[in-house]
Amino acid sequence: MLELPYIVEPRPDTGLTNGKLGIWLFLASEVMLFGGLFAAYIMLRVGGPTWPVGADILNVPMATFNTVVLITSSITMVMAWAALMRRNYGTYQLYMFATVGLGLVFLTVKYFEYSHKLHDGLYPSTSTFLAIYFTLTGLHMLHVIAGMVVITYFALAGRSMFRKNPQWLTNRVEHTGLFWHFVDLVWIFLFPVLYLM
Amino acid sequence: MSFWRKYVFSVDHKVIGIQYAVTGLMFLFFGFCLMMIMRWQLAYPGQPIPFIGSWLGDARAPSGIMLPDFYNQLGAMHGTIMVFLGVVPLAVGGFGNYVLPLQIGAVDMAFPKLNMISYWCLFLGGVIMLGSFFLPGGAAQSGWTSYPPLADIAPSGQTAWLFGMIFLITSSLLGSMNFIVTTIQLRVKGLSFFRLPFFVWAQFVTSFLLLLAFPPLEAAGVLQLMDRLAGTSFFLPTGLVVSGEILQVSGGGSPLLWQHLFWFLAHPEVYVLILPAMGIVAEIIANNTRKPLWGYRSMVYSVIVLGFLSFVVWAHHMFLTGMGTVMSSFFQTTTMIISIPSVILLSCLFISLYGASIRFNTPMLFALAFLPMFGIGGLTGLPLGLSAPDIALHDTYYVIGHFHYLVAPGTIFALFAGIYYWFPKATGRRMSELLGKLHFWPSIIFMNGIFMPMFIQGFAGVSRRLADGGATYDFAGNVTPLNRMMSWSAWGLALAQIPFIINFFMSMRSGVKVGSNPWNATTLEWQAPSPPPHGNFTREMVVVRGPYEYSVPGQKEDFLPQNQKAEA
């Protein structure tokens with residue numbers, strides 16, 4: 001492999017590492033992906049003959065609980081990064097596992113929510129509201145799973161990276177955190193749009 | 001390094017660039033073959049296809065006579081393959097990957113592994129698209145635009161199309177991220193933004209278009225997949241009647257929604273096809289006129305403005321959908337505005353020729369031909385951008401003629417120019433000038449033979465999607481004989497590519513060996529050895545001047561490379 005510049009130290013005139021710029025660009029494209037879906041939601045709701053109130057069909061308490069879970073997981077993610085900044089590997093690993101654990105809690109709650117709906121005979125094909133509900137939350141769930149995979153990887157395989165180049169690992173965890181916060185943010189939009197409005 | 005690591009799963013931007021370029025060229029050829037079969041049906045409707053008719057099978061062409069469904073498959077896949085698997089991989093993936101890091105003096109792309117993954121996503125997408133021809137019911141057949149509700153109820157080829165597109169979109173997203181980060185982060189010392197070659201600017205803006213315009217199509221693709229696989233009705237209105245019966249779906253969806261999401265990508269996509277071509281042409285014109293580009297800065301500003309505006313013109317593809325006159329007025333206004341930066345770009349290139357002693361080599365011939373061809377394509381777009389004339393011209397052959405002038409004798413000529421121009425960099429050998437000219441002259445004649453009559457047919461009202469080219473329509477009687485001329489031109493164009501194919505392979509083995517800078521060019525890629533080794537440059541590059549310092553008074557040579565100090 002070649003030595004590429006600005007992986008660990010930021011380029012002086014841009015003030016960015018390659019990875020940080022990369023993850024922000026990736027998030028910009030994610031904004032457009034979910035932006036497209038939210039635009040679709042608006043157009044379907046405005047143009048549709050009827051539109052139900054989300055709370056009549058969906059389980060608001062469960063979703064509220066999940067919102068709290070995800071926000072907490074964003075906090076633990078920041079704590080993990082902060083621990084790495086202090087070069088404290090043990091604490092870092094602990095907070096990483098806490099983040100993955102909270103992600104698991106989120107998925108479990110989501111599993112019960114989904115199976116409830118399917119049990120009641122409420123499928124994506126039942127109405128356009130349920131269709132967009134399943135699509136948006138399903139896509140969000142894929143993002144949660146992707147984030148958890150990456151976080152687990154850095155929690156388990158981080159030790160040798162930490163020994164070799166702690167600043168590099170810190171950068172990578174920061175970028176992973178940015179993605180995780182974005183996933184959290186998407187949920188903060190999804191929750192009121194689907195469940196409350 | 002093992003063979004696999006070096007040539008197949010390589011992380012070197014040059015190898016990946018060549019992989020992209022070769023894949024793109026093969027798909028261009030394949031897409032061209034699909035079109036040649038279609039052109040038989042248009043010229044001689046209802047007659048058995050010669051040579052290959054008997055291989056196609058009863059589902060496509062019983063006793064060699066093409067079924068309308070198969071014609072639709074060919075049309076949809078010709079468009080999809082040419083745009084997403086032909087031109088974009090060659091222009092962005094191929095030239096972008098190979099040339100951009102060299103021009104900015106970088107050792108590689110910023111994310112080499114991502115670069116490899118992005119190529120293999122494209123490859124998988126291509127395999128899925130090709131494989132879809134063998135599904136029951138054949139490949140996608142709802143046009144390259146895949147409009148629902150037709151696409152929602154089409155056979156399984158459409159599902160394969162959607163999965164293929166998701167791979168192609170992922171590939172583009174990863175690639176465009178990589179280009180942007182590379183351009184911003186890996187420029188060598190002294191290479192400020194206004195010293196970047198115009199090609200780099202063009203790729204840079206293109207990457208932003210790909211990054212931000214593709215995700216909404218991914219969203220739309222997911223919704224259409226849900227419609228097809230989970231029985232939702234995002235794009236199916238209530239009470240849709242299919243084959244005389246009301247479709248049993250929940251309804252309440254909107255077919256127009258797909259069109260908005262699709263064109264939100266597909267209009268910027270048009271500029272994705274054009275901007276890299278302009279970048280290539282700009283490099284070649286500056287080099288062969290031996291003087292700086294006229295109005296380099298206004299070109300850079302224009303390309304940035306063009307990028308922004310390309311996001312707010314999409315609904316000019318939808319004037320006839322009944323979205324309302326207010327919307328139409330807005331989008332025709334933005335469309336007229338976007339023609340301004342395009343005209344600035346083209347004018348700068350034209351004015352650059354003024355007063356130059358032009359070297360008419362093969363790359364320059366293709367680059368020069370690009371200018372009037374692109375001009376025809378651009379100017380014929382104006383009536384389509386205004387909603388009133390578009391009522392008459394929408395979905396006729398006029399539209400086909402218009403955008404093919406932009407991408408076929410426009411972009412593809414620019415891509416040929418780029419191949420002839422950078423071939424010595426990639427191989428250390430030059431392509432034959434004689435064969436190059438044998439390629440160029442018939443190509444430009446046949447290109448016009450295909451596309452010029454389309455304007456005439458379009459004015460006569462011939463619709464673009466008729467499987468018999470209008471043979472059964474009385475009103476088209478005067479203009480259908482043109483179909484034969486167009487088809488023979490298309491087959492002639494195929495023959496005209498033979499010198500290119502021979503040239504390409506022969507020059508690789510036995511072309512004239514050249515040094516690292518055969519065109520006496522100024523940009524950094526010519527300061528690396530030919531072909532450049534892994535890591536690209538053998539000495540440190542520091543840029544001290546702008547990209548096109550040709551014929552500087554008082555210098556011994558008529559070119560000053562970007563990293564070279566002037567003689568006092």
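Predicted model only: the values in this text are computed from it and were never measured.

K.L.:
How do you make sense of the overall build of chain B when you look at a structure like this?
P.N.:
A tally of helices and strands in chain B yields 16 helices and four strands. Compactness check: chain B gives a C-alpha radius of gyration of 24 Å against a globular reference of 24 Å for 568 residues, within 12% of the reference. When the backbone C-alpha atoms are referred to their principal axes, chain B occupies close to 85 × 55 × 45 Å. Considering only residue pairs separated by 6 or more positions, chain B has 78% of its internal contacts joining residues 24 or more positions apart. In the structure as shown, chain B presents an accessible area of about 20700 Å², 71% of it carried by carbon and sulfur atoms. Of note, chain B has its 27 positive side-chain charges centred 15 Å away from the centre of its 21 negative side-chain charges.

K.L.:
I'm lost on unusual backbone geometry in this one. Help?
P.N.:
The general pattern is negative phi for most residues beyond glycine and trans for most peptide bonds. All names here are of chain B. The peptide bond linking Pro148 to Pro149 adopts the cis configuration, its omega dihedral lying at 5°. In this structure, Pro149 sits in the loop between α4 (112-131) and α5 (157-185). Omega for the peptide link from Ser530 to Pro531 comes to -10°, which places this bond in the cis form. Among the secondary structure elements, Pro531 is positioned in the segment after β4 (512-513). In this model, Asn536 sits at a positive phi of 75°, which is unusual for a non-glycine residue. Checked against the element boundaries, Asn536 lands in the segment after β4. Here Asn536 falls in the buried class, since its relative accessible area comes to 0%. Here Ser551, not a glycine, exhibits a phi torsion of approximately 50°, which is positive. Judged by relative accessible area, which is 39%, Ser551 ranks as partly exposed.

K.L.:
Help me out: how do you make sense of the packing of aromatic side chains in this one?
P.N.:
How two aromatic rings sit relative to each other is given by the distance of their centres and the angle of their planes. Considering all chains together, one arrives at 68 aromatic pairs over all chains under this definition. Centroid distance Tyr119(B) to Phe123(B): 6.2 Å. Interplanar angle 40°. Geometry classified as tilted. A residue pair is termed a helical-turn pair when its members lie 3 or 4 positions apart in one helix, as Tyr119(B) and Phe123(B) do in helix α4 at four residues. Between the aromatic rings of Phe235(B) and Trp258(B), the centroid separation amounts to 5.6 Å while the plane-to-plane angle is 80°, which identifies the pairing as edge-to-face. With Phe235(B) in the loop between α6 (198-229) and β1 (241-242) and Trp258(B) in helix α7 (residues 255-289), this pair connects stretches of sequence that are 23 residues apart. Both residues of the pair, Phe235(B) and Trp258(B), belong to the buried class. Every member of this aromatic cluster is reached through a ring pair, and the members are Phe366(B), Phe413(B), Phe416(B), Tyr420(B), Phe423(B), Phe440(B), Trp441(B), Phe500(B), Phe504(B) and Phe505(B). When the ring centre of Trp168(A) is taken as reference, the NZ or CZ atom of Arg172(A) above it lies at 4.8 Å. Over the ring of Phe194(B) we find Arg297(B); its NZ or CZ atom is 3.9 Å from the centre of that ring.

K.L.:
Just to check I follow, could you spell out helix α5 (residues 128-164) of chain A for this structure?
P.N.:
Note that an α-helix has 3.6 residues per turn; residues three or four places apart therefore point the same way. When the terminal C-alpha atoms of α5(A) are compared, their 52 Å separation across 37 residues agrees well with the 54 Å that a helix rising 1.5 Å per residue should span. At Gly158(A), α5(A) is bent by approximately 60°, the largest bend along its length.

K.L.:
Explain the pattern of salt bridges to me, please; I cannot follow it from the model alone.
P.N.:
Pairing is possible between side chains that carry opposite charge, provided their charged atoms lie close to one another. All names here are of chain A. Counted according to the given criterion, the structure contains eight salt bridges over all chains. A salt bridge links Lys110 to Glu113, with the shortest nitrogen-to-oxygen separation between them at 3.2 Å. Taken together, the residues span about one helical turn, with Lys110 and Glu113 both in helix α4 (residues 89-119) at a distance of three residues. Here the two residues Lys110 and Glu113 agree in accessibility, since each one is buried.

K.L.:
How do you make sense of the environment of Leu44(A) when you look at a structure like this?
P.N.:
Residues and elements named next belong to chain A. Inspection of the secondary structure puts Leu44 in helix α1 (residues 18-47). According to the relative accessible area criterion, Leu44 is buried, its value standing at 2%. Counting along the chain gives 84 residues from Leu44 to Thr128, while the straight-line C-alpha distance between them is 7.8 Å.

K.L.:
How should I be thinking about the nonpolar core in this particular structure?
P.N.:
With 250 residues, the main nonpolar core has Tyr92(A) and Phe198(B) as its most contacted residues. The biggest single contributor to this core is α7(B), with 21 residues. Setting aside its immediate chain neighbours within four residues, Tyr92(A) contacts Ala80(A), Ala83(A), Leu84(A), Phe154(A), Ala155(A), Leu169(A) and Val173(A).

K.L.:
I would appreciate a short explanation of the interface of chain A and chain B in the present structure.
P.N.:
Interface size is commonly expressed as the accessible surface area that is lost when the partners come together. Each partner contributes to the interface: chain A provides 36 residues, whereas chain B provides 42 residues. When chain A packs against chain B, close to 3100 Å² is buried across both sides, 77% of that on carbon and sulfur atoms. Across the side of chain A that touches chain B, the residue classes break down as 20 nonpolar, 13 polar and three charged.

K.L.:
What is the right way to read α5(B) from this model?
P.N.:
An ideal rise of 1.5 Å per residue puts 42 Å on 29 residues; α5(B) measures up with 42 Å between its terminal C-alpha atoms. Counting buried residues in α5(B) gives 25 out of 29 residues, a clear majority hidden from the surface.

Thresholds, definitions, all that
- Residues numbered from 1 in each chain as written.
- Chains lettered and ligands numbered in written order.
- Predicted model: local features only at pLDDT ≥ 70, side-chain atom pairs only at ≥ 80, totals over all residues.
- Heavy atoms only, no water.
- Helix = DSSP H or I, 4+ residues; strand = E, 2+ residues; numbered from the N terminus.
- Rg over C-alpha atoms; globule rule 2.2 N^0.38 Å.
- Contact = heavy atoms within 4.5 Å.
- Areas by Shrake-Rupley, 256 points an atom, 1.4 Å probe, with all protein chains shown as cover.
- Lys, Arg positive; Asp, Glu negative; His and termini not counted.
- Charge placed at Lys NZ, Arg CZ, Asp CG, Glu CD.
- Buried < 20%, exposed > 50% of the residue type's maximum accessible area, 1.4 Å probe, protein only.
- Phe/Tyr/Trp six-rings, centres within 6.5 Å; stacked < 30°, edge-to-face > 60°.
- Lys NZ or Arg CZ within 6 Å of the ring centre and 35° of its normal.
- Expected span 1.5 Å × (residues − 1).
- Bend = angle between axes of the 7 residues up to and from the residue.
- Salt bridge = Lys/Arg side-chain N within 4 Å of Asp/Glu carboxyl O.
- Core = buried A, V, L, I, M, F, W, Y, C linked by side-chain atoms within 4.5 Å.
- Buried area = accessible area lost by both parts, 1.4 Å probe.
- Nonpolar A, V, L, I, M, F, W, Y, C, P; charged D, E, K, R; others polar.

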